[in-house]
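Commentary on secondary and tertiary structure
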Amino acid sequence: MQQTIVDQIEPVADDVVSLVLRGATGPLAPWEPGAHVDLTLPNWLTRQYSLCGDPADRESYRVAVRYDRLSRGGSEYIHRFLRRGRALDVSLPRNHFPLLPAPEYLFLAGGIGITPILPMLRAAAASDVPVSLVYVGQSVASMPFADGLRSAYGERVRIVATRQQGRPDLAALGSALNPGAVVYACGPGPMLTAAEAAFPAGRLYAERFRPAPRSFAPNTEFEAVCARSGRTVQVPADESLLDVLTHAGYAVPSGCREGVCGSCELTVLDGEPEHRDEIGALAGRVYACVSRALSPRLVVDL
């Protein structure tokens, strides 16, 4: 964990505030476009936010938070109670949405999904390859950083306010995509589902804030062996591996509990995981909040 101080908090759109978090004890950990961090809030909740500042700035991080009227306590606390000068613990950055080299980029952002796209756009534009952004929201007033984007990138940015203009034709964008161009998209689930239908497989990289609806076989009980401690716990069909390990006294980090953020990653030493995350777990890894086991026994490095 890193210690930070809330240095700035300011509105950047309707129901969206920007936080600048200054390192309390020195330079903050480096990061690359697409990374996110966990914020541990004073109300004991942990929430994930994409870094949207400048990776060259090691003195502070910037995130933006939209107020969710169905908030589980995170965005509501930030909007109503968080104040400048408050100390916050922030995780080391994690990046499951890296910007890969390409000869051309099309960025597609919906609402608060602009946050991971901002540093990507800056980095791609600095590499002197063709870049464009289609930024979608209900109204310009609801779209954070819209004015700054138009000032910085001019005609390379297309702002689509759906209340006045309707939704963009993603199929037309897909058919006009130049050979070699790749698409980076972040935003609401329906927009990303439409993007998956519009753009060629292998050329679309997307990050979801919520998992896409999927179906799995019914949960079954399995055994989790914690190799370092020598303990074995039973994971019943109606509990997650994360919850069982937490109840057993293991301090497994957790955040989203939806297989999106990656904070609960565990190393698998033996057994076959059933991956249910949105990240795409690497071989030998499992995200304990949602994933389970296909084998009767899973050995993890705990």
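Conventions we followed
- Residues numbered from 1 in each chain as written.
- Predicted model: local features only at pLDDT ≥ 70, side-chain atom pairs only at ≥ 80, totals over all residues.
- Heavy atoms only, no water.
- UniProt positions renumbered as here; feature names shortened; annotations may be inferred.
- Helix = DSSP H or I, 4+ residues; strand = E, 2+ residues; numbered from the N terminus.
- Polar contact = N/O pair within 3.5 Å; in protein donor to acceptor, adjacent residues only side chain to side chain.
- Contact = heavy atoms within 4.5 Å.
- Buried < 20%, exposed > 50% of the residue type's maximum accessible area, 1.4 Å probe, protein only.
- Arc of directions from axis to C-beta.
- Pairing = 2+ DSSP bridges.
- Axes fitted to C-alpha atoms, helices over the stretch in contact; angles between N-to-C directions.

Named according to an unreviewed UniProt entry, the protein chain is PDR/VanB family oxidoreductase originating from Streptomyces malaysiensis subsp. samsunensis. According to the UniProt record, the Cofactor (unreviewed entry) comment for the protein chain reads "FAD".

Right, let's get into the side chain of Ser60. Looking at where Ser60 falls in the secondary structure, it is placed in strand β5 (residues 60-66). Separated by 2.7 Å, the side chains of Ser60 and Asp57 make a polar contact. Not counting the four nearest positions on each side in its chain, Ser60 is found in contact with Val20, Leu21, Arg22 and Leu28.

In this section: helix α3 (residues 146-153). Here α3 has its buried residues at Ala146, Leu149 and Tyr153. Within α3, the buried residues cover an arc of 60 degrees as seen down the axis, which keeps them to one side. Among the exposed residues of α3, those oriented more than 90 degrees off its buried face are Asp147 and Ser151. On its buried face, α3 is in contact with α2 (114-126), β8 (131-137) and β9 (157-161). The positive-phi residue at the C-terminal boundary of α3 is Gly154, with phi of around 55 degrees.

Here we have 5 strands laid out as an open sheet, ordered β9-β8-β7-β10-β11, and parallel in their pairing. Both outer strands of the open sheet, β9 and β11 (204-208), are each paired with one neighbouring strand and no more. Taking each pair of neighbouring strands and ignoring which way they run, the sheet shows an average axis angle of 10 degrees. Here strand β10 (residues 182-187) pairs with β11 via 5 bridges, running parallel. Considered in β11, the bridge of Gly187 is made with Arg208. On top of the sheet, α2 reaches β7 (105-110), β8, β10 and β11; it is set at about 160 degrees to β7, its chief contact. Against the sheet, α3 engages β8 and β9, with an angle of about 150 degrees to β9.

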